[in-house]
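Spelled out from the first residue to the last, the chains are:
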Amino acid sequence: MQLTPQQLGQFHDEGWLFLPGCFAEAEVALLRDEAEGIYKTNRQEVWREKTGAPRTAFAAHTYNEAFRLLGSHPRLIRPVEQVFGEQLYMHQYKINAKAAFEGDVWQWHQDYGTWARDDGMAEPRAMNIAVFMDEVMPINGPLMLVPKSHKHGVLSAGHDLETTSYPLWTLDNDTVTRLVDEGGIVAPTGKPGSVLMFHGNLVHASAPNITPYPRRIVYLTLCAVSNYIRKPTRPEWIAHRDFRPIEPVADSALMDYAAAHKLAAE
Ligand SMILES: O=C(O)CCC(=O)C(=O)O
């Protein structure tokens, strides 16, 4: 999958791009099933909300075949390679749960702020590409983005260790207000299988999910190989040290695996 010049223009100008219908229901249904299995384990990679509900599962591409195939999927890898003009490695991999009733807030932040401060990443030549596993609606805690905020570089941030179970470098209200005055806020919504990519410096957040509808999203953090992290402080399963370039699998690989999996279950 290649981005058009118009899509690349929107990404550079606005800092985000929404690509509906990238994955078929059979592919996404498999991922949902596998995610539920992972959330039920007591692996160290499964991070929980203060209530005990799953918040995120890290590094599933290293121990789960379906998520491994997604992590090397050409529909995700090729567009990001196109933006950075080089091959990519996986810096981080998360399956965020935003569980029904219990999914907690993600405060306003920039991802590259964390990658630079905690992992020693040299430049914002990495980005998150999100795959919706559930329908993301205005009511179940969609990701909110501040368009154009990526043009302001790394903003000063405080390390919030209190608000949720997960430490995050967060922005103050004045900074967010100033950026929203300029760019507004968008909250892309859509069906399972939609994909959202956004610049590492784009300011974003999401509200708690108090609805009965889970909002599970997989995030691949893809980093240009030449921009590998120099001073990691977080565990390997949060900030990976395998800097080998990702070789994309066949476009049909996830669908083939989903079909085989379904047959085996029957
Ligand atoms: O999944 C969400 O709602 C937010 C996730 C996020 O902001 C992040 O992982 O940096």
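Scoring rules and cut-offs
- Residues numbered from 1 in each chain as written.
- Predicted model: local features only at pLDDT ≥ 70, side-chain atom pairs only at ≥ 80, totals over all residues.
- Heavy atoms only, no water.
- Near = heavy atom within 4 Å.
- Polar contact = N/O pair within 3.5 Å; in protein donor to acceptor, adjacent residues only side chain to side chain.
- Helix = DSSP H or I, 4+ residues; strand = E, 2+ residues; numbered from the N terminus.
- Nonpolar A, V, L, I, M, F, W, Y, C, P; charged D, E, K, R; others polar.
- Pairing = 2+ DSSP bridges.
- Buried < 20%, exposed > 50% of the residue type's maximum accessible area, 1.4 Å probe, protein only.
- Phe/Tyr/Trp six-rings, centres within 6.5 Å; stacked < 30°, edge-to-face > 60°.
- Lys NZ or Arg CZ within 6 Å of the ring centre and 35° of its normal.
- Expected span 1.5 Å × (residues − 1).
- Arc of directions from axis to C-beta.
- Contact = heavy atoms within 4.5 Å.
- Salt bridge = Lys/Arg side-chain N within 4 Å of Asp/Glu carboxyl O.

Undergrad: What should I look at first to understand the site of the ligand in this one?
TA: As a structural note, the neighbourhood of the ligand is formed by K94, N96, K98, W106, H109, D111, L143, H204, S206, R215 and Y219. Here an oxygen atom of the ligand sits 2.6 Å away from a polar atom, N or O, in the side chain of S206. Going through the elements one at a time, β4 (88-96), β5 (106-109) and β11 (204-206) are the ones with two or more residues in the shell around the ligand. The residue inventory of the shell around the ligand, partitioned by class, reads three nonpolar, four polar and four charged.

Undergrad: Looking at this structure, how should I read the sheet that holds β5?
TA: Strand pairs in the sheet, formed through backbone hydrogen bonds, run parallel or antiparallel to each other. Overall, antiparallel pairing links the three strands, which are arranged β5-β11-β7 in an open sheet. The two strands at the open ends of the sheet, each matched to only one other strand, are β5 and β7 (144-145). Bridge count for β5 against β11 is two bridges, and the pairing is antiparallel. Looking at β11, one finds that H109 is bridged to H204.

Undergrad: Looking at this structure, how should I read the pairing of strand β10 (residues 195-199)?
TA: Each regular strand displays side chains that alternate between the two surfaces of the sheet. β10 sits mainly inside the fold: five of its five residues count as buried. Bridging between strand β1 (residues 16-19) and β10 involves four bridges; their strand directions are antiparallel. Residue pairing for β10: W16 is matched across the bridge by F198. Where strand β6 (residues 126-132) and β10 come together, five bridges link them in antiparallel fashion. Residue pairing across strands places M127 opposite H199, the latter belonging to β10.

Undergrad: When you look at the packing of aromatic side chains in this model, what are you seeing that I'm missing?
TA: When we look at a pair of aromatic rings, we describe it by the centre distance and by the angle of the planes. Applying the stated rule across the entire model yields nine aromatic pairs. Aromatic side chains W47 and Y166 sit 5.1 Å apart centroid to centroid with 85 degrees between the ring planes, which places their arrangement in the edge-to-face category. Taken together, the positions of W47 in strand β2 (residues 46-48) and Y166 in the loop between β8 (158-160) and β9 (168-170) put the pair 119 residues apart, joining distant regions of the chain. Aromatic pair F58 and W237: ring centres 5.8 Å apart, planes at 65 degrees, arrangement edge-to-face. One end of the pair, F58, is in strand β3 (residues 54-58); the other, W237, is in the loop between β12 (217-224) and α7 (253-265), with 179 residues separating them in the sequence. Judged by its relative accessible area of 0%, F58 falls in the buried class. The class of W237 is buried, set by a relative accessible area of 16%. Ring pairs connect the aromatic residues W47, F58, W106, Y166 and W237, which therefore count as one cluster. The ring of Y219 is capped by K94, whose NZ or CZ atom sits 5.3 Å from the centre of that ring.

Undergrad: Explain α7 here, please?
TA: Note: α-helices contain 3.6 residues per turn, so residues at a spacing of three or four share the same orientation. In a regular helix each residue adds 1.5 Å, so 13 residues correspond to 18 Å; α7 covers 18 Å between its end C-alpha atoms and thus fits that length. Of all the residues in α7, the buried ones are A253, L254 and A258. Taken around the axis of α7, the buried residues stretch over an arc of 130 degrees, which confines them to a single face. Residues of α7 that are buried make contact with α2 (25-39) and α3 (65-71).

Undergrad: Can you walk me through the pattern of salt bridges in this structure?
TA: Between side chains of opposite charge, pairing is possible as soon as their charged atoms come close. The final tally for this structure, using the stated rule, is 17 salt bridges. Here E27 and R75 are joined by a salt bridge, their closest N and O atoms 3.2 Å apart. Pair noted here: E27 is in helix α2 and R75 is in helix α4 (residues 74-84), with a separation of 48 residues, a long-range link. Between E49 and R55 there is a salt bridge; the shortest N-O distance is 3.0 Å. Here R55 falls in the buried class, since its relative accessible area comes to 1%. Overlapping salt bridges, with partners in common, bring together D13, E14, K148 and K151 in one network.

Read these as layout, nothing more, since geometry by itself doesn't imply function.
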